[in-house]
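This is what each chain is made of:
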Amino acid sequence: MKMITFLVVGLTVHSVFFMSIFDIYFTSPLVHGMTPKTTPLNPPASRLVLIVADGLRADSFYTLFPNGSSRAPYLRTVIEDRGTWGISHTRVPTESRPGHVALIAGFYEDVSAVAKGWKVNPVEFDSVFNQSRYTWSWGSPDIVSMFAQGPSGDHMYTHTYPASEQDLAPTDPSKLDSWVFTQVKSLFQSAKSNSTLMSSLLKDKNVFFLHLLGLDINGHTHKPKSKEYLNNIGLVDAGVSELVSVIEDFYSNDGKTTFLFTSDHGMTDWGSHGAGDTSETLTPFVAWGAGIQGAHKVTEDQLYQDGYLQDWKLEHLRRVDLNQADVAPLMACLIGVPIPVNSVGVLPVLYLNNSDHFKAECMYTNAIQILEQFKVKMKQKKETTLSCLFTPYKRLTEQKQAEFIQKARILIQQEKYGNAISLCQALISDALEGLRYYHTYDRFFLGCSVVLGFVGWTSYVFLVILKTHASLNMHPDILKQKPDSKLMWLCVCVTVAISIFLLIQRSPFTYYIYCLLPVPMWYSVLKESNTLRDLIHSASSLTLWKCVGYFVVVAVGIELLVVSFFHRAMLAVGLALLSLWPMLSGLFGKAKWRSVNWFLGCLCLAAFPLMPVLGREHNINLVVCAGGLTVFLSACFLWSSRNRTSLHLGDKRLFVTQMLHVALCSYVLYLTHSSLQQKRGLPLLSQIASWLTLASSLVVPLMSSTRLFHRLLSVFLSLTATYLLLSTGAEALFPPVLSLLMFVWINIEQEAVIAEGVSGRQELSTIDFSANIDISKIRQLKLDDIRRSYFFVFFIITAFFGTGNIASLNSFDPVSVYCFLTVYNPFIMGGLLMWKVIIPFIIVMCTFETIQVATQLSSRSLFLIVLVISDVMALHFFFLVQDYGSWLDIGTSISHYVIVMLMTIFLMVLSVLTHILTSQRLVLWRRRKMHFP
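Every value quoted in this text rests on a predicted model; they were computed, and no experiment measured them. Each chain has its residues counted from 1, running along the sequence as written. Only residues with pLDDT of 70 or above have their local features reported here, since the model is predicted, and side-chain atom pairs are shown and tallied only from 80 upward, although totals for entire chains, interfaces and linings are computed over all residues. Hydrogens and water are ignored here; the side-chain numbers use all heavy atoms of the structure.

Novice: Sorry if this is basic, but what is going on with the confidence of the model for the chain here?
Specialist: Residues shown with low pLDDT carry predicted positions that ought not to be read at fine detail. Confidence scores per residue from the predictor, reported as pLDDT, run from 0 to 100. When pLDDT is averaged along the chain, the result is 84; 86% of the residues meet or exceed 70. Considering only residues more than four positions removed or in separate chains, one finds that residues 114–118, a stretch of pLDDT under 50, has 15 contacts. Any two residues having at least one pair of non-hydrogen atoms within 4.5 Å are treated as being in contact. Predicted confidence is poor over residues 923–933, with pLDDT under 50, and the contacts of this stretch with residues over four places away or in other chains come to 21 contacts.

Written out as structure tokens, the structure is:
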């Protein structure tokens, strides 16, 4: 198979493996076709005000000043005198859109929404706003507007400021909150002279939604413990106090208004959110007004053992925690609208101040509403599964459902409301477990199909390596063997049988892909059975202990890489072990100076995985120092190599220009952050310079000499300039240290090639990337090439995790992109941060391309070994996903699986890019096809 064909097939196969994880674990949990359920009794409130302070942490809100005063005096008074308080527990991902969907629609959104930037509805869903008579919303266009779409009709009125106002580095982000409060007061003021508006406001079942973004921006920009963030809490508290006064006056203090104050997510000390740290998942919840239980003083110890009651001086008041999705049924019951049909929230009855009869009826409605989802989900799964294979959820059969409902109604009629509430809560628990059961019904089946395909693909690649690139003696007939017709017909029959089975079950189209993909994979493997038998026989000529030793070392090495995804410090352990390679392999005696450099380089690089991923302080001076170090090292290299390889005048000018450009980028970064600290905004010239640097980062190296080290130096300088602009501290030192180690790796591999006795070795300084490869000098694979491939994978993982953890959203600090933009844009910011991650990746890729050329080895053969290693890692994570039980652990393993699959796909795509980046020249632009021997 030609290299290009193999790349296309490999990309297709891995794209299927990559997408499978989303079909198995991230399909939408929503079902449709349920009838809305409403509590038959009159609600306690005519209107509800929902105030969401975006990014407000529970501890920041509840903790008192040292002198005993509160940052939010009005809301503290509400807690102590006339409201109920607690902690709202959020779920990962702790982002704005999922948080608001949980609050308002009552379910935890699937990950498909991230593809829309958390802005628009990826699927249609019901919400409290849809069910209300009228809803008025104010705040960010990203949040407020998304609930005005879908089935909301024309009864929702949204008021948003321009998206450009969501600047992460403005003079005062709290002005966005002031704007919201001003607009709300303006609405009630306008109603006094607008009879139509007055009539709408006086009706029941109305909702007012205030989204306050200032705290989130202040947290990102100044951190949650800054005076700006804490002062913003005071501004919000004062705004809420004034707002309550305006609304109560407008409605003549009729006692029919309910107020809820909460947050969509918290924030870490370093100003990020998205993961599962307690500072992100614990948010405040305060409720007061119509239908809400007043402050309930307690004398005995409460059940909570987290210490927050004592820290916040609230141990004398009853604390009522709830899950974020529980807010939706609470709001629906308070104003008498149907609970959102997709809600999985459980009504927190301790917040209600009403008759026991009302509480029991509300809980019964909540149970029936969730049971309706269970019935629809069960019906859908039953219709798409053969009756002989269908296994129902035994704890909630149709008979048990009827028994639950009948018993609950009897208990309510007998006025045994407490027992009815307990029974309904048990029914809800079983229904939610049943929903999860049917939602994950096909996981095992699909997982087995993907594993079969994975193992088949990896086995095929392994056979290709042995058959075409290993120096083993094979019988000539093996290379000429024809496919077995019986095997082909067997595969056709299996394909037809699987297709008929899936067709009968009315399975989605993607199921056909996952289930049929293993067939051609295993056909390709089984048709090489004679080859495998002959290769095993030929392998007897190899040294057994050496083969076993390599296998054990590589297996342990792969396991170390897998563990490093969970514990970054294992990369430091791995680098420490790698530093001993020259001594263990005997290279130290032949190249002492290079071995010492390798040892020191590995130890220096090992320091980065030991640095904290989260909570690092910004230090622009370190970034400037990294720029100076880059220029110094580049100048030293050019000076030391002047006698070995001469440079044309144009190349000298290019290198000098690139070094000056690196120095300029250091200055641009310093200037930008100085301007932002002084609250003068992002300088336009800095922004232009940053984008031009990014745009030219892959073009400028094509103008340099194609001599091996000269081209690598140009690539390093160009990418480092961009990396500096995306850095905020010590991570800026990572590319120079990594590049130094890569330079040493290239040199020491030359010594290893000499030790292997490879003839015709070229001096590194004479190698030209653009020269035609002499196919006659391309050698076969040796056992040492497995070690080279493993080193490459190890350095790729180190490049990914050396300065952060891309599996965690917390690793990404929005301050990193401030040289390019400060207005919130998830796609552009995410793209810039991903490019920052890829830059060290490209440096390692270019180094591997160099080693392939220098060691006279086919790029395809090394690439295939790398592919096997990465696929084994991915399969390892896939099995870990099956083993873990908790959602957080499953999510972690899934994210690691996704990373490995993306890394493999990047390897395939960037292998072409790297070849172009190292071998082409713009000034001479040669039109030549890529040549893969």
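Novice: Explain the sheet that holds strand S3 (residues 134–139) here, please?
Specialist: Two pairing modes exist for strands in a sheet, parallel and antiparallel, and in both the strands are linked by backbone hydrogen bonds. Should DSSP find at least two bridges between two strands, the strands are taken to pair. Strands are runs of DSSP state E lasting at least 2 residues, helices are runs of H or I lasting at least 4, and numbering of each runs from the N terminus. Ordered by their spatial adjacency, eight strands build an open sheet running S4-S3-S5-S1-S6-S7-S2-S8, and the pairing between neighbours is mixed. At either end of the open sheet lies a strand with only one pairing partner, and these are strand S4 (156–160) and strand S8 (322–323). In this sheet, S4 lies alongside S3 in parallel orientation, the contact comprising five bridges. Each bridged residue has a counterpart across the sheet, and for Trp138 the counterpart in S4 is His159. Axes, fitted as lines to C-alpha atoms, cover a helix only where it is in contact. Angles between the N-to-C directions of the axes lie from 0 to 180 degrees. Across the face of the sheet, helix H13 (residues 327–335) comes into contact with strand S1 (47–53), strand S5 (206–212), strand S6 (257–262), strand S7 (282–289) and S8 while running at roughly 155° to S1.

Novice: Can you help me understand the pairing of S1 in this one?
Specialist: Side chains on a regular strand alternate between the two faces of the sheet. Counted residue by residue, S1 has seven buried out of seven residues, so it is predominantly covered. In S1, alternate side chains face the same way, and those of Arg47, Val49, Ile51 and Ala53 on one face and Leu48, Leu50 and Val52 on the other are all buried. Here seven bridges tie S1 to S5, and the two strands are oriented parallel to one another. Bridge assignment links Val49 to a residue of S5, and that residue is Phe208. Note that S1 and S6 share six bridges and pair parallel. Its bridge partner lying in S6, Arg47 is registered against Thr257. For the exposure calls, accessible area comes from a 1.4 Å probe over protein chains only, and a residue counts as buried if that area is under 20% of its type's maximum, exposed if over 50%, partly exposed in between.

Novice: Is there a simple way to explain the nonpolar core in this structure?
Specialist: Inside soluble globular proteins, nonpolar side chains tend to come together where they are buried. To form a nonpolar core, buried Ala, Val, Leu, Ile, Met, Phe, Trp, Tyr and Cys residues must be joined to one another through side-chain atoms within 4.5 Å. With 143 residues, the main nonpolar core has Trp598, Trp745, Phe792 and Phe795 as its most contacted residues. Broken down by element, this core gets its largest block of residues, 16 residues, from helix H33 (residues 826–854). Core analysis: the next-biggest nonpolar cluster, separate from the first, contains 71 residues, Ile292, Ala332, Leu334 and Phe390 among them.

Novice: How do you make sense of helix H29 (residues 684–696) when you look at a structure like this?
Specialist: For the α-helix, the turn length of 3.6 residues means that residues three or four positions removed from each other point alike. The first and last C-alpha atoms of H29 sit 18 Å apart over 13 residues, in line with the 18 Å expected at 1.5 Å per residue. Ser686, Ser690, Thr693 and Leu694 are the residues of H29 that are buried. Burial along H29 is one-sided: seen end-on, the buried residues are contained in an arc of 95°. Along H29, exposed side chains directed more than 90 degrees from the buried face belong to Leu684, Leu685, Leu692 and Ala695. Buried residues along H29 sit against helix H28 (649–677), helix H30 (708–725) and H33. One less than the residue count of a helix, multiplied by 1.5 Å, gives the span that helix is expected to have. An arc is given here, and it is the one of the directions from the helix axis to the C-beta atoms.

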